[in-house]
Amino acid sequence: MVHDMNTFIKKLLGFSIGPVIGAFISFITIPITTYFISPIEFGKASMFILFQIIFGTFLYLGIDQAYTREYHSGENKINLFQNAISIPLFLSIIVLLAILICPQITSKILFDSPNYVVPSIFFGIMIIFMVLERFILLSIRMKENALEFSVLNIIVKLTILIFTLIFIFYVRRDFLAIVYSTVFGQILGDLYLIVRYKKLFYLRYFSINKKLIKRMVLFGLPILVATSLSSLLNSLDRLSLRMWSDFYQIGIFTATLKIAAVLSIVQTSFTSFWVPTAYRWYAEEKNIAYYKVVSDSILLVMSVLAVGILIFKDLIVSILSSGYADSRYLIGFLCLQPIIYTVSETTCLGIVFSRKSYLSIFVGVIAIIPNTVLNILLVPKYGAIGAAIATSVSYVFFFAARTYFSNKSGMKFAVSKHYMVLLVLLVSAFINLVQTNMLLINLLILLVVLAIQYTSVNQIWRTYKGKRLMIK
């Protein structure tokens with residue numbers, strides 16, 4: 001088992017290179033954009049990216065998840081890829097055509113003005129490239145080509161950074177600078193992906209497999225509903241701010257999300273590698289002890305990183321311009337989102353292994369209800385802070401529901417430690433709303449988090465020393 005876990009860690013590190021460097025590149029853009037662009041303009045740009053994510057969620061129809069589920073059982077990988085991408089790609093083209101017919105409506109939705117026709121059309125073009133990128137990267141992930149996956153992620157992030165620098169220093173310094181740099185950088189990076197993996201699009205031997213498509217759609221539709229609910233869960237905070245607050249609050253909230261993205265480095269790295277690994281372990285009938293070790297370990301890593309961000313929050317926020325100083329009060333809450341999602345990826349496996357994808361719909365509903373109620377109650381009065389509280393609390397419900405249904409589906413191990421740590425982190429986020437120096441208190445919180453996870457620390461140390469793991 002020690003050998004297997006060491007191999008696991010090596011592959012995880014390989015998948016981490018790209019997200020880590022990519023996040024570092026993205027992190028460089030934060031002080032550049034926040035220094036030259038006001039929170040209000042930043043808020044407008046964030047709505048463009050938010051709706052891009054929402055549209056992408058619906059267009060996949062859950063077939064992207066079905067593709068990963070079918071990957072190891074299909075012999076002709078290229079034909080599987082082409083059948084999987086066909087419907088989402090067709091729908092993305094329909095969206096672009098609809099935008100071309102009524103670009104003013106799209107502009108009004110995105111930017112609260114009908115005058116931004118060109119950015120709206122670029123929005124439609126980006127949707128198509130999003131679909132292509134999603135399935136190409138999924139193909140690389142399922143092959144477990146860690147280094148290649150990482151390099152390609154770096155290329156896409158680097159092109160966006162380059163265009164951001166060009167637009168801000170030589171073209172313009174409003175929200176359109178972020179929009180255009182994101183569009184051109186993303187498209188250029190994706191064009192490289194398409195050329196690099198052009199074999200995936202060779203249609204010489206393509207044939208429509210109706211049974212395969214039907215199977216993927218049936219598997220994917222419940223996931224579509226669940227993913228739509230998850231997307232709404234991730235978007236309701238900014239949509240609520242759009243309805244009951246202003247672009248300044250949206251800008252502060254979005255800037256804080258980018259700081260919390262430090263934790264998303266681990267989330268992206270881990271989930272990119274964990275999904276194919278978990279499926280392979282399941283096929284190999286690995287003992288549940290393997291999954292528990294991974295779950296406990298990722299909880300330890302994510303929780304320590306979260307408290308670390310709280311300890312250094314003033315230094316981190318100082319990277320932004322003075323106009324974004326209120327971000328320090330949101331960061332504790334928004335760090336919980338990537339933590340809980342990442343850890344839940346290790347406790348929800350019973351749902352996917354049992355093919356009961358419909359259970360994810362119940363997970364989404366259970367998380368959406370407190371999210372909606374709290375946003376309605378808190379956002380009109382407290383703005384971005386209220387939205388952050390709503391998001392963090394709803395994700396606790398998300399974790400509990402995911403874990404419960406997974407347990408009922410046959411994948412059960414003890415998670416009391418998980419709940420204790422999440423409770424401590426949630427309480428610490430409320431404590432950090434105080435405007436005094438919180439260094440000593442946050443250091444104490446770190447000690448509490450480590451004390452709760454003493455067995456996990458000991459477990460990792462034993463693995464490092466090459467000793468037998470003691471799973472409890």
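Residues numbered from 1 in each chain as written. Predicted model: local features only at pLDDT ≥ 70, side-chain atom pairs only at ≥ 80, totals over all residues. Heavy atoms only, no water.

Participant: I'd like a rundown of the environment of Tyr419, residues and numbers included.
Facilitator: Within the secondary structure, Tyr419 sits in helix α18 (residues 416–431). Measuring from C-alpha to C-alpha, the distance between Tyr419 and Val396 comes to 8.7 Å, with 23 residues separating the pair along the chain. If near-sequence neighbours (up to four positions away) are discounted, Tyr419 is found in contact with Phe399, Ala400 and Thr403. (Helix = DSSP H or I, 4+ residues; strand = E, 2+ residues; numbered from the N terminus. Contact = heavy atoms within 4.5 Å.)

Participant: Explain the pattern of salt bridges to me, and be specific about the residues and the numbers.
Facilitator: Side chains carrying opposite charge are able to pair once their charged atoms draw close together. Counted according to the given criterion, the structure contains five salt bridges. Asp237 is the partner of Arg238 in a salt bridge, and the nearest nitrogen-oxygen pair spans 3.2 Å. By relative accessible area, Arg238 is classed as buried at 13%. Its relative accessible area of 0% is what places Asp237 among the buried residues. Of the charged contacts in the structure, one is a salt bridge between Lys292 and Asp296, with a shortest N-O distance of 3.2 Å. Here Lys292 and its partner Asp296 are both found in helix α11 (residues 288–311), four residues apart, which amounts to about one turn of the helix. No difference in accessibility class separates Lys292 from Asp296, as the two residues are buried. (Salt bridge = Lys/Arg side-chain N within 4 Å of Asp/Glu carboxyl O. Buried < 20%, exposed > 50% of the residue type's maximum accessible area, 1.4 Å probe, protein only.)

Participant: With reference to specific residues and values, describe the environment of Lys143.
Facilitator: Along the chain, Lys143 turns up in the loop between α6 (117–142) and α7 (146–170). On a C-alpha basis, the gap between Lys143 and Tyr71 in space is 9.2 Å, while along the polypeptide they are 72 residues apart.

Participant: Go over helix α16 (residues 359–382), please, and point to the residues and values.
Facilitator: Taking 1.5 Å as the rise per residue, α16 with 24 residues should run 34 Å; its terminal C-alpha atoms sit 34 Å apart, in good agreement. Where α16 bends most, the angle comes to about 35 degrees, and this point is Asn375. Restricting attention to buried positions, one finds in α16 the residues Leu359, Val363, Gly364, Ala367, Ile368, Pro370, Asn371, Asn375, Leu378 and Val379. (Expected span 1.5 Å × (residues − 1). Bend = angle between axes of the 7 residues up to and from the residue.)

Participant: Give a detailed account of the packing of helix α4 (residues 77–101) against helix α9 (residues 210–244), specifying residues and quantitative values.
Facilitator: One way to put it is that α4 packs onto α9 with a least axis distance of 10 Å and a crossing angle of 55 degrees. Comparing the axis directions of α4 and α9 gives the class oblique. Crossing handedness for the pair α4 and α9: right-handed. Residues Leu80, Asn83, Ala84, Ser86 and Ile87 of α4 lie in contact with α9, whose contacting residues are Leu212, Ile213, Met216 and Val217. Here the residues of the contact of α4 with α9 sort into seven nonpolar, two polar and no charged. (Axes fitted to C-alpha atoms, helices over the stretch in contact; angles between N-to-C directions. Parallel < 35°, antiparallel > 145°, perpendicular 65-115°, else oblique. Left-handed = near helix turned anticlockwise from the far one by under 90°. Nonpolar A, V, L, I, M, F, W, Y, C, P; charged D, E, K, R; others polar.)

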